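Each chain, written out:
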Amino acid sequence: MAAKKRILIAASEVVPFAKTGGLADVIGALPKELKKLGHDVRVILPYYQMAKKCKSKITDTGETVIVEISDKLVQGKIYTSTIADVPVYLIGNDSYYDRPELYRTSEGDYPDNAERFIFFSKAILEVLKQQKFQPDIIHCNDWQTGLVPVLLKVKEKDNPFFANTTTLFTIHNLAYQGLFWHLDMPLTNLPWDVFNPDGIEFYGKINLMKAGIVFADFLSTVSKKYSQEIQTPEFGCGLEGVLKTRAQDLYGIINGVDYDVWNPEVDSCIKARFSQKDLSGKKVCREDLLAQFKLKDKEGTAVIGIISRLTNQKGFDLIANKIDDIMKLNVILIILGTGDDKYHDLFKKLAKQYPDKIGVKLGFDNVLAHKIEAGSDFFLMPSNYEPCGLNQMYSMKYGTIPIVRATGGLDDTVKNYTAKTGKGNGFKFKVYTVDAMMKKIKEALDIFANPKDWDTVMKNAMSENFSWMTVAKEYVKLYDTAIEKKRLRLIN
Ligand code: ADP
């Protein structure tokens, strides 16, 4: 085994404490595997109201850190917990984090998000000092932790405590950048000279995603395809230029699946357990799912599930555009999601319009998400872009066949099935058009109607193994590269 490393993983959401999307699943799973590999790994996140309500035991250590925010000194309380046997720090400050949501209400983003996450980034370093935990690597994730590499390179530059600490910054979704007006700069207590186009400035604003990209020692994103896509104007969200300049240090590592959680053989959220060898439980799950929505089952009907943030990213404009045509097919559509008002209104309307064919739940419901994975025949994910996507991988384990657009992680994980070869674990279309999506849905339904082909594609999908252990080893390789470069002082 490679030398034991001290690793801190910093993120704004982590299962089981707080979750709005895939980032939380990733940070809830990766550390467990790093720990199994023998590393001293720890996790840090804010102590939100959602964390206060979670089932995990959280302890108030009584210890605090003091963080400088402009000319104020702000206290952070240190709470601790664990994920399996991985130590977790939760930074408490009720005025920042004791709120119903993590980042926003239906009215929009919390107006003090800059301060909330500048505080979090600064507190991370203070907690490390206070706990005397000197990491070899700080693995930062998304804009909420983007300031950490800047603080290390500027404020802590000569601090011997961090002399051997290197950083990896992982981009989970480039579209959310943490953009704030320049007058928030004093909150960072950093010199104005970092606020320039080669630093953290982005067209006159502070950009915390850019901060991470420019200042971290290494960069990664959550699939190989997305690591290439984000270097193009189409997917780069204005940061393609700066990403290109860092292309040498940018890696693509696909996320894994936590098979302790997303696995029909052990899933406690679903009505009956099942496996590739014995699929009888999947029928029970289908009945249970349809019963939840008071929908009647019909012979030969395909149940298509969707679990998603309801945003343009996820391809809902395609679905909205062709919903009447989709409804003409022998399908039932089950949608679980929360997000943009326009999609809430749309799906409310469609549920009324097609009461026998569409089941809608607008909200966040983890148990129902598992039931949809287990009880559906297909999982539809026609994303416009998708850094990694987790549900297509979860679906496969449940024998629920993904229909996706070939972008980002969807392209890397879904192989198109053809009857001719008998190979492939799902269905994917290339161009982002309604016609391409409809053609693929129809092709998938033809396969569904043919029991021999359907058996094959289900078998192919259920045999896939996207285990986190494989992924964790890739991260360790990258950590090693960063640590070695730092040791040789090839990076400052
Ligand atoms: P993203 O992070 O872009 O939202 P991912 O596919 O990477 O998308 O991850 C989404 C995660 O969030 C999955 O675990 C999915 O099951 C979960 N999820 C999304 N929306 C909901 C919802 N409304 N209720 C329950 N779980 C949800």
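Quick note: structure is the one above.
Residues numbered from 1 in each chain as written. Predicted model: local features only at pLDDT ≥ 70, side-chain atom pairs only at ≥ 80, totals over all residues. Heavy atoms only, no water.

Attention now goes to the overall build of the chain. Helix and strand counts for the chain come out as 19 helices and 20 strands. For 492 residues, the compact-globule estimate of 2.2 N^0.38 gives 23 Å, and the chain sits close to it at 23 Å. With the principal axes as the frame, the chain shows a C-alpha extent of 70 × 50 × 45 Å. Of all intrachain contacts in the chain linking residues separated by at least 6 positions in sequence, the fraction that spans at least 24 positions is 72%. For the chain, the accessible area works out to roughly 20,500 Å², and carbon and sulfur atoms hold 52% of it. Between the averaged position of the 67 positive side-chain charges in the chain and that of its 61 negative side-chain charges there is a distance of 3 Å. (Helix = DSSP H or I, 4+ residues; strand = E, 2+ residues; numbered from the N terminus. Rg over C-alpha atoms; globule rule 2.2 N^0.38 Å. Contact = heavy atoms within 4.5 Å. Areas by Shrake-Rupley, 256 points an atom, 1.4 Å probe, with all protein chains shown as cover. Lys, Arg positive; Asp, Glu negative; His and termini not counted. Charge placed at Lys NZ, Arg CZ, Asp CG, Glu CD.)

For the rest of this paragraph, the subject is the sheet that holds strand β11 (residues 201-202). One open sheet accounts for three strands, arranged β10-β12-β11; its pairing is antiparallel. If you trace the sheet from one side to the other, it starts and ends with β10 (179-181) and β11, each paired once. Relative to strand β12 (residues 205-207), β11 runs antiparallel, the two sharing two bridges. Pairing of Phe202 across the sheet is with Lys205, part of β12. Along the sheet, helix α7 (residues 208-215) makes contact with β10, β11 and β12, crossing β12 at roughly 55 degrees. (Pairing = 2+ DSSP bridges. Axes fitted to C-alpha atoms, helices over the stretch in contact; angles between N-to-C directions.)

A word on the site of the ligand. Among the 20 residues in the neighbourhood of the ligand, the closest are listed as Gly22, Asp25, Arg309, Lys314 and Gly363. Interatomic distance of 2.8 Å between a backbone N/O atom of Gly363 and a nitrogen atom of the ligand. With the chains in place, 93% of the 560 Å² that the ligand exposes on its own is no longer accessible. Looking at which element gives the most residues to the shell around the ligand, the answer is strand β15 (residues 302-310), with three residues. Here the residues of the shell around the ligand are counted per class, giving seven nonpolar, seven polar and six charged. In this structure, the shell around the ligand is formed jointly by two domains, domain 1 (6-256 + 469-491) and domain 2 (280-465), each of which donates at least three residues. (Near = heavy atom within 4 Å. Polar contact = N/O pair within 3.5 Å; in protein donor to acceptor, adjacent residues only side chain to side chain. Nonpolar A, V, L, I, M, F, W, Y, C, P; charged D, E, K, R; others polar. Domains from an automatic or database assignment.)

On to the pattern of salt bridges. For the structure on display, the rule yields 27 salt bridges. A salt bridge links Arg42 to Asp40, with the nearest nitrogen and oxygen atoms 3.3 Å apart. Lys129 is the salt-bridge partner of Glu156, the closest N and O atoms lying 2.9 Å from each other. Here Lys129 lies in helix α4 (residues 113-131) and Glu156 lies in the loop between α5 (147-153) and β9 (166-171), a separation of 27 residues in the sequence. Residue Glu156 is classed as buried on the basis of its relative accessible area, which comes to 7%. For Lys129, a relative accessible area of 25% puts it in the partly exposed group. Connected through shared salt-bridge partners, Lys52, Asp94 and Asp98 make up one network. (Salt bridge = Lys/Arg side-chain N within 4 Å of Asp/Glu carboxyl O. Buried < 20%, exposed > 50% of the residue type's maximum accessible area, 1.4 Å probe, protein only.)

Here the residue pair Val15 and Pro16 is connected by a cis peptide bond, since its omega of 10 degrees sits within 30 degrees of zero. For Pro16, the position within the fold is in the loop between β1 (6-10) and α1 (22-36). Not every positive phi belongs to a glycine, and Cys237 is a case in point at roughly 50 degrees. Here Cys237 shows up in the loop between α8 (224-229) and α9 (240-245).

Let us look at empty space enclosed by the protein. Counted according to the given criterion, the structure contains one cavity of 30 Å³ or more. Within this model, the largest cavity holds a volume of roughly 30 Å³. Among the residues making up the lining of the largest cavity, the classes are represented as two nonpolar, one polar and four charged. (1 Å grid on protein atoms, 1.4 Å probe; cavity = no way out; pocket = protein on both sides within 12 Å on 5 of 7 lines; lining within 4 Å. Points joined across faces, edges and corners; volume = space filled by probe spheres on them.)

Under the counting rule described, the total for this entry stands at 23 aromatic pairs. Each ring, one from Tyr417 and one from Phe427, has its centre 6.4 Å from the other, and the planes form 70 degrees; the classification is edge-to-face. On the criterion of sequence distance, the pair formed by Tyr417 in the loop between α16 (408-413) and β20 (427-429) and Phe427 in strand β20 is long-range, its members being 10 residues apart. Judged by centre distance (6.2 Å) and plane angle (35 degrees), the rings of Tyr475 and Tyr479 are tilted. Linking Tyr475 with Tyr479, this pair stays in helix α19 (residues 468-487), spanning four residues, or about one helical turn. On the basis of relative accessibility, which here comes to 1%, the residue Tyr475 falls in the buried class. Residue classification places Tyr479 among the buried positions, given a relative accessible area of 0%. Residue placement shows Arg99 over the ring face of Tyr110; its charged tip is 4.8 Å from the ring centre. The ring of Tyr259 has Lys397 sitting right over it, with the charged end atom 5.0 Å from the ring centre. (Phe/Tyr/Trp six-rings, centres within 6.5 Å; stacked < 30°, edge-to-face > 60°. Lys NZ or Arg CZ within 6 Å of the ring centre and 35° of its normal.)

Such coordinate-based values are descriptive only and should not be taken to indicate function.
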